[in-house]
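Below, each chain spelled out in residue letters.
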Amino acid sequence: MSMELFRVEPDEKTILYVKDLKTWFPLRRSLSEILTGKPRKYVRAVDGISFKIQEGDVFGLAGESGCGKTTTGKTILRLVDPTAGVIGYRPRKQLLEQWRRMGYVPASIDKYGSIDIAKIPSKYLKPMRREMQMIFQDPYGSLNPRFTIYKILEEPLIIHKIGKTKKERYELVAKALEDVKLTPPEDFMFRYPHMLSGGQRQRVGIARALMLNPRFIVADEPVSMLDVSIRAEILELMMELKREYNLTYIFITHDLAVSRYITNKIAIMYLGKIVEMGNTRTVLENPLHPYTHALIKAIPDPDPSNRLRIREVPIKGEVPSAIFIPPGCRFHPRCVTLDEHPELKQYCTRREPPLIEVEKDHYVACWLYAKK
Amino acid sequence: MSEVLLDVRGLKTYFYTTKGIVKAVDNISFKLNKGEVLGIAGESGCGKSTTAYSIIRLVPPPGRIAGGEIYFEGRDILKLSPEAFRKSIRWKKISMVFQGAMNALNPVFTVGDQIAEVIMLHKGLTKREAYAIVYKMLQMVGIDPRRAHSYPHELSGGMKQRVMIAMALTLNPPLVIADEPTTALDVVVQAQIMNLLKRLQREHKTSIILITHDLSLIAEIADKVAIMYAGKIVEFGTSEHVYLNPMHPYTRGLLASIPRLHGDIKKLEWIPGVPPDLIKPPPGCRFHPRCKEKFEPCDKEEPPMVEVEPGHYVACWLYAKR
């Protein structure tokens with residue numbers, strides 16, 4: 001065991017990394033709180049996380065609702081502004097060129113060509129959208145019901161001034177629909193979202209993300225609202241498009257079984273922190289953190305003998321609020337392992353465990369493994 | 001022989017829309033014994049929720065039960081007047097845990113008041129007497145009884161779902177219908193809710209109909225499984241039959257599409273195509289346009305339900321004699 005502290009070290013293959021990223025949402029103070037000078041409280045949705053994503057990765061962010069996985073994805077795209085930390089991204093040449101034309105020069109570019117997109121003023125974010133896109137969770141709510149599929153897909157082209165003539169844009173839209181296997185495209189272009197099934201709508205969502213020819217996509221639970229019987233089809237499509245267009249994905253999910261099929265690396269989040277990270281197979285086959293353990297134990301599998309026994313999930317209580325985060329290890333009030341190791345109590349309840357490398361590329365933040 | 005609690009015969013529930021008649025449930029029959037758990041699975045729009053709403057007679061308009069009989073404890077509950085059904089069957093004998101506990105509770109009343117209302121209406125007790133039962137029920141589902149005075153927004157999703165379960169069990173009915181009781185809940189909470197249902201089912205010998213699209217969840221609790229497709233039951237049998245020896249190509253497709261946490265990573269299968277429009281379902285077997293194994297009779301004649309082994313029924317031409 002190397003017991004090395006996890007440090008983000010971007011290299012020439014790194015497309016995106018985050019370092020000590022924090023996204024806090026301020027709460028409104030009541031009048032009496034303002035008058036008595038009480039400090040402002042924050043929802044610490046993302047509370048200091050670091051990871052790096054290599055080109056071609058499908059990086060899974062997993063955890064229960066409220067763990068900060070979606071906020072992380074949105075922060076990386078600057079849909080939400082980070083409170084602190086670095087978001088390193090290696091842009092294409094044409095993006096740098098475009099910024100130069102707009103009169104913006106990134107403050108610093110490291111030796112691998114990464115810039116800190118947390119620092120980009122918001123008026124210069126628009127050209128960045130061509131490279132970084134998002135697929136949303138809800139295929140019912142994320143498509144404008146008053147737009148035809150054609151209009152939904154044409155809009156990004158108009159905004160980014162791609163395709164000079166109407167004909168050119170029509171061809172790009174048709175191509176995108178073919179890419180997501182909504183064929184023949186003429187059949188789908190002039191329908192409205194409500195005329196499509198959930199799976200077809202999610203394909204439109206994927207096509208929309210691909211319209212601008214991005215290289216990095218945040219997919220926020222893209223299959224969780226779909227029937228199990230068609231999830232595999234959408235996942236397969238995403239993998240096919242990834243190969244064809246050299247995409248890199250962040251795949252946000254609460255379903256570890258799904259992540260096993262699509263991600264190659266995974267980070268398990270709990271209350272705004274990464275508690276375990278590594279290659280997906282290693283993490284799921286040899287989970288080290290008590291929380292990862294509990295998550296895996298909780299997943300039902302289609303075995304009829306399960307009905308004869310009670311499913312033991314080694315976890316206590318409920319997720320605490322992200323405003324009042326427990327001191328020390330934030331998982332300690334729910335940790336069953338702590339009950340078995342009372343000698344660790346002095347660490348777990350007082351000091352935050354560091355994220356350390358326990359075996360090659362397998363990191364965990366738990367006092368069970370860390371040097372005290 | 002165990003006692004038959006519910007016997008659904010040829011149930012048809014249609015929605016009379018301006019575009020035509022949607023045959024959401026089209027001639028389904030099944031039996032449920034006392035103390036048994038039946039899981040009904042299928043894709044969205046297959047009629048599984050409509051089946052549940054038909055049994056408790058809450059089919060929303062323009063839907064109507066168009067035919068068939070539902071025998072509950074030996075009498076046809078579709079023959080009762082709405083008033084008689086409300087007084088003697090709904091909640092007293094058959095209760096329901098609704099989909100999406102988040103929205104099923106009334107936000108302007110405390111959860112205690114909402115459970116107490118059930119008791120006061122059906123048992124004619126005073127509020128004070130009812131509250132004694134409320135505290136007991138909350139304790140039973142693992143909620144601190146003091147929470148009775150909380151409003152729904154003060155509770156987490158899992159706790160709201162427990163309140164819904166407490167409400168469904170208040171009158172100790174012989175049959176509880178749970179319609180997607182854990183969708184929108186996290187896996188840990190889902191496992192806790194399933195354990196709770198399992199425990200209560202054993203303690204009270206309640207029969208449960210569990211409706212979900214998630215076959216893994218049904219395996220957690222169900223003794224019998226019905227697979228529905230486009231308003232029809234295509235396969236019915238014990239859990240062992242359906243999970244270990246699935247016969248219908250649709251059931252096989254559903255099982256192969258479940259991502260698993262253990263074992264080899266095989267390529268996930270899926271069922272191509274989309275479920276049919278129930279206004280104009282395809283002729284013959286409704287699954288034939290998506291079926292890998294379709295052959296000559298499938299698009300002509302509807303396959304009959306055949307018993308392939310004792311207690312295991314399949315509606316597919318692969319097994320039916322012509």
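Each value, and the rule that gives it
- Residues numbered from 1 in each chain as written.
- Chains lettered and ligands numbered in written order.
- Predicted model: local features only at pLDDT ≥ 70, side-chain atom pairs only at ≥ 80, totals over all residues.
- Helix = DSSP H or I, 4+ residues; strand = E, 2+ residues; numbered from the N terminus.
- Rg over C-alpha atoms; globule rule 2.2 N^0.38 Å.
- Contact = placed C-beta atoms within 7 Å.
- Buried ≥ 20, exposed ≤ 12 C-beta atoms within 10 Å, placed from the backbone.
- Axes fitted to C-alpha atoms, helices over the stretch in contact; angles between N-to-C directions.
- Parallel < 35°, antiparallel > 145°, perpendicular 65-115°, else oblique.
- Left-handed = near helix turned anticlockwise from the far one by under 90°.
- Nonpolar A, V, L, I, M, F, W, Y, C, P; charged D, E, K, R; others polar.
- Pairing = 2+ DSSP bridges.
- pLDDT = per-residue confidence, 0-100.
- Right-handed = clockwise from strand over helix to strand, strands pointing away.

Peer 1: Quick rundown of the overall build of chain A? Include the residues and the values.
Peer 2: Helix and strand counts for chain A come out as 13 helices and 13 strands. Taken against the 2.2 N^0.38 rule, which gives 21 Å for 372 residues, the C-alpha radius of gyration of chain A at 22 Å falls within 12% of a compact globule. Principal-axis analysis of the C-alpha atoms gives chain A an extent of 70 × 60 × 50 Å. Sequence separation of at least 24 residues holds for 67% of the intrachain contacts in chain A that already meet a minimum separation of 6.

Peer 1: Describe the overall build of chain B, naming the residues involved and giving the relevant values.
Peer 2: When helices and strands are tallied, chain B shows ten helices and twelve strands. At 20 Å, chain B has a C-alpha radius of gyration in line with the 20 Å of a compact globule built from 322 residues. C-alpha extents for chain B along the principal axes are approximately 65 × 50 × 45 Å. Of all 322 residues assigned to chain B, the portion counted as buried reaches 49%. In chain B, 62% of the contacts between residues at least 6 apart in sequence involve partners at least 24 apart.

Peer 1: Could you give an account of the packing of helix H11 (residues 290-298) of chain A against helix H7 (residues 187-204) of chain B, with specific residues and numbers?
Peer 2: Helix packing geometry: the angle between the two helix axes and the distance between the axes. It is the contact of H11 of chain A with H7 of chain B, at a shortest axis distance of 8 Å, that shows an interaxial angle of 50°. Relative to H7 of chain B, H11 of chain A is oriented oblique. The crossing of H11 of chain A and H7 of chain B is left-handed. Where H11 of chain A abuts H7 of chain B, its residues Ala294, Leu295 and Ala298 of chain A lie against Val187, Val188, Gln190 and Ala191 of chain B. Of the residues in the contact of H11 of chain A with H7 of chain B, the class split is six nonpolar, one polar and no charged.

Peer 1: How would you sum up helix H3 (residues 93-102) of chain A? Please name residues and give values.
Peer 2: Where burial is concerned, little of H3 of chain A is hidden: zero out of the ten residues are buried. At the exit of H3 of chain A stands glycine 103 of chain A, carrying a positive phi of roughly 90°.

Peer 1: Provide a residue-level description of the interface of chain A and chain B, including the pertinent values.
Peer 2: Contact with chain A, which involves 36 residues of that partner, is made by 41 residues of chain B. It is helix H8 (residues 228-245) of chain A that provides the largest number of residues to the side of chain A that touches chain B, a total of seven residues. The residue makeup of the side of chain A that touches chain B, split by class, is 20 nonpolar, six polar and ten charged.

Peer 1: Which residues make up the environment of leucine 125 of chain A, and what are the values?
Peer 2: Residues and elements named next belong to chain A. Looking at the secondary structure, you find leucine 125 in the loop between strand S6 (115-116) and strand S7 (132-135). On the basis of neighbour counts, which here come to 14 C-beta atoms within 10 Å, the residue leucine 125 falls in the partly exposed class. Sequence spacing of leucine 125 and glutamate 155 is 30 residues, and the spatial spacing of their C-alpha atoms is 17 Å. Sequence-distant contacts of leucine 125, defined by excluding residues within four places in its chain, comprise Arg78 and Ile120.

Peer 1: Pulling in residues and values, what's your account of the pairing of strand S4 (residues 63-72) of chain B?
Peer 2: All names here are of chain B. For strand S1 (residues 4-17) and S4, the ladder comprises eight bridges, and the chain directions are antiparallel. Residue aspartate 7 lies in a different strand from S4, and its bridge partner there is tyrosine 71. The sheet contact formed by S4 and strand S5 (residues 75-76) spans two bridges and is antiparallel. What sits directly across from phenylalanine 72, in S5, is arginine 75. Turn length for the S4-S5 hairpin, with the two strands adjacent in sequence and antiparallel, is two residues, and the turn residue glutamate 73 shows positive phi of about 45°.

Peer 1: Tell me about the sheet that holds strand S10 (residues 232-238) of chain B, residues and numbers included.
Peer 2: Remark on secondary structure: sheet strands pair via backbone hydrogen bonds, oriented parallel or antiparallel. Residue and element names in this part refer to chain B. Spatially, S6-S7-S8-S3-S9-S10-S12-S11 is the arrangement adopted by the eight strands of the open sheet, whose pairing is mixed. The open sheet terminates on both sides in strands that have one partner only, identified here as strand S6 (94-97) and strand S11 (305-309). Taken pair by pair, the neighbouring strands of this sheet meet at an average axis angle of 20°, ignoring direction. Inspection of the sheet shows strand S3 (residues 37-41) paired to strand S8 (residues 207-212) by five bridges, in the parallel sense. Directly across from glycine 39, in S8, lies its bridge partner leucine 210.

Peer 1: Quick one: what's the story with the environment of isoleucine 221 of chain B, residue by residue and with numbers?
Peer 2: If you trace the backbone, isoleucine 221 of chain B turns up in the loop between helix H8 (215-219) and strand S9 (224-229). Residues isoleucine 221 of chain B and histidine 248 of chain B lie 27 residues apart in sequence; the distance between their C-alpha atoms is 22 Å. Setting aside residues up to four positions removed in sequence, isoleucine 221 of chain B forms contacts with Arg307 of chain A together with Val37, Met194, Leu197, Lys198 and Leu210 of chain B.

Peer 1: Pulling in residues and values, what's your account of the sheet that holds strand S3 (residues 42-54) of chain A?
Peer 2: Residue and element names in this part refer to chain A. If you walk across this open sheet you meet the four strands as S3-S2-S5-S6, and the pairing is antiparallel. Each having just a single partner strand, S3 and S6 make up the two edges of the open sheet. Direction of pairing for strand S5 (residues 84-89) relative to S6: antiparallel, over a ladder of two bridges. Note on S6: the bridge partner recorded for tyrosine 89 is isoleucine 115.

Peer 1: Could you give me a rundown of the environment of threonine 72 of chain A, with the residues and numbers involved?
Peer 2: Residues and elements named next belong to chain A. For threonine 72, the position within the fold is in helix H2 (residues 69-76). Among the residues examined, threonine 72 registers 27 C-beta atoms within 10 Å and is labelled buried. Each C-alpha atom of the pair threonine 72 and valine 46 lies 6.5 Å from the other, and the pair is 26 residues apart in sequence. Beyond its immediate sequence surroundings of up to four residues, threonine 72 is in contact with Val46, Ile49 and Leu61.

Peer 1: For unusual backbone geometry, give the residues involved together with the corresponding values.
Peer 2: Note: most peptide bonds trans; most residues except glycine with negative phi. Across the junction of threonine 183 of chain A and proline 184 of chain A, the peptide omega takes the value -10°, indicating a cis bond. Following proline 61 of chain B, the chain continues to proline 62 of chain B via a peptide bond in cis, the omega torsion being 10°. Within the element layout of this structure, proline 62 of chain B appears in the loop between helix H1 (48-55) and S4. In this model, arginine 78 of chain A sits at a positive phi of 60°, which is unusual for a non-glycine residue. With respect to the secondary-structure elements, arginine 78 of chain A resides in the loop between H2 and S5.

Peer 1: An account of the confidence of the model for chain B is needed here, citing residue identities and associated values.
Peer 2: Of all residues in chain B, 99% attain a pLDDT of 70 or more, and the chain-wide mean is 91. Scored as a whole, the predicted complex attains pTM 0.89, and scored at its interfaces, ipTM 0.86.

Peer 1: Can you explain the pairing of strand S7 (residues 175-179) of chain B? Please cite residues and give values.
Peer 2: All names here are of chain B. By the criterion of burial, S7 is predominantly enclosed, with five of the five residues buried. The alternating pattern of S7 places Leu175, Ile177 and Asp179 on one face and Val176 and Ala178 on the opposite face, and all of these are buried. Pairing between S6 and S7: four bridges, direction parallel. Within the sheet, the bridge partner assigned to serine 95 lies in S7 and is valine 176. Relative to S8, S7 runs parallel, the two sharing five bridges. By the bridge assignment for S8, isoleucine 177 is matched with isoleucine 209. Assessed by its sense of winding, the connection that carries the chain from S7 through H7 to S8 is right-handed.

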